[in-house]
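Here is what each chain is made of, one letter per residue.
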Amino acid sequence: MIHLKFAAITLISSLTISLSAMAASGAPKADTNQDGKVTRAEFNAASEARFAAADANRDGYISMDERDGAREAHQQERQYEHFDRLDSNRDGILTREEFAQGLDNVKKQRRDRVRTHMDQNQDGQITREDREMRREQRSERRSQMGERRRQGQNHGAGGHWNRIDTNGDKLISTQEYRAGADEMFNFLDANGDGVLEQGEGRRP
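Residues numbered from 1 in each chain as written. Predicted model: local features only at pLDDT ≥ 70, side-chain atom pairs only at ≥ 80, totals over all residues. Heavy atoms only, no water.

**Things to note about helix H5 (residues 96–118)**
A rise of 1.5 Å per residue sets the reference length of H5, with its 23 residues, at 33 Å; its end C-alpha atoms lie 33 Å apart and thus fit the reference within 8%. Listing the buried residues of H5 in full gives Glu98, Gly102, Val106, Arg113, His117 and Met118. (Helix = DSSP H or I, 4+ residues; strand = E, 2+ residues; numbered from the N terminus. Expected span 1.5 Å × (residues − 1). Buried < 20%, exposed > 50% of the residue type's maximum accessible area, 1.4 Å probe, protein only.)

**A few points about the side chain of Glu98**
When you line up the elements, Glu98 lands in helix H5. The buried charged residue Glu98 lacks any salt bridge, with Arg90 as its nearest oppositely charged partner at 7.0 Å. A polar contact of 3.2 Å, which involves the side chain of Glu98, links it to the side chain of Ser88. Engagement of the side chain of Glu98 in a polar contact is seen with the backbone nitrogen of Asn89, the distance being 3.5 Å. The residues touching Glu98, leaving out its near neighbours within four places in the chain, are Leu86, Asp87, Ser88, Asn89 and Ile93. (Lys, Arg positive; Asp, Glu negative; His and termini not counted. Salt bridge = Lys/Arg side-chain N within 4 Å of Asp/Glu carboxyl O. Polar contact = N/O pair within 3.5 Å; in protein donor to acceptor, adjacent residues only side chain to side chain. Contact = heavy atoms within 4.5 Å.)

**Some thoughts on the side chain of Asp55**
The residue Asp55 is located in the loop between helix H3 (40–54) and strand E2 (61–63) in this model. For the buried Asp55, no salt bridge exists, and the shortest N-O distance to an oppositely charged side chain is 5.4 Å, to Arg58. Look past the residues within four positions of Asp55 in its chain and what remains in contact with it is Gly60, Tyr61, Ile62 and Glu66.

**Focus on the pattern of salt bridges**
Evaluation of the coordinates by the stated rule reveals five salt bridges. Residue Glu48 is joined to Arg178 by a salt bridge in which the shortest nitrogen-to-oxygen separation is 2.6 Å. Of this pair, Glu48 sits in helix H3 while Arg178 sits in helix H8 (residues 174–188); the two residues are 130 residues apart in sequence, bridging distant segments of the chain. Judged by its relative accessible area of 45%, Arg178 falls in the partly exposed class. Across the salt bridge formed by Arg163 and Glu183, the nearest N and O atoms sit 2.6 Å from each other. One end of the pair, Arg163, is in helix H7 (residues 159–164); the other, Glu183, is in helix H8, and 20 residues separate them in sequence. Arg163 sits in the buried class, given a relative accessible area of 16%.

**Here we look at the packing of aromatic side chains**
Aromatic rings considered in pairs are described by the distance between their centres and by the relative angle of their planes. A complete count under the given rule lists two aromatic pairs for this structure. A centroid spacing of 5.2 Å and a plane angle of 70° characterise the contact between Phe43 and Phe185, whose relative ring orientation is edge-to-face. Taken together, the residues Phe43 in helix H3 and Phe185 in helix H8 connect sequence positions 142 residues apart. Relative accessible area serves as the criterion here: at 3%, Phe43 is assigned to the buried category. Taken together, a centroid distance of 5.1 Å and an interplanar angle of 65° make the contact between Phe51 and Tyr177 edge-to-face. Of this pair, Phe51 sits in helix H3 while Tyr177 sits in helix H8, placing them 126 residues apart in sequence. Since its relative accessible area comes to 6%, Phe51 is described here as buried. (Phe/Tyr/Trp six-rings, centres within 6.5 Å; stacked < 30°, edge-to-face > 60°.)

As structure tokens, this is what we get:
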């Protein structure tokens, strides 16, 4: 039994990636109407909120120091959220049973997500056509990811930052951030319908 929430953080960190798969793409907080989908408007609103939170000095720009601070705060927040998901009785104590149940839930969510991805026409059956369509989607996605990696390599170690920082001033402006968010939404929106659904944009 683990008696302190802080003592459990190291255990939870190993589940970070798996548990994140339980959330819709674009983060569940973006789904303001709780319909299980994230529209472009919701995604953009969440992006604006994240920019405001990261812009500590409220000058309309995010510096590298502000980026690093926001990243650390976000990671800590996610760790607490993961703990709370596992602590089913909310007593601040994580038992072995709760930890095991959390793993089981992650596995179930992953199985369900794989079935959803594979069943392309949503008829409840996974046919050869479904598998072929899924292979084509994955091939296209791998190509997109390869191009993004190449772009990042061309910009050096800070690839993603430098790609958004189009004028190279080591600051991310509101306009640059919005352009980056728009690019990210388009990348996650695998079927191009303007809506992110559960698991879309994530690898099953």
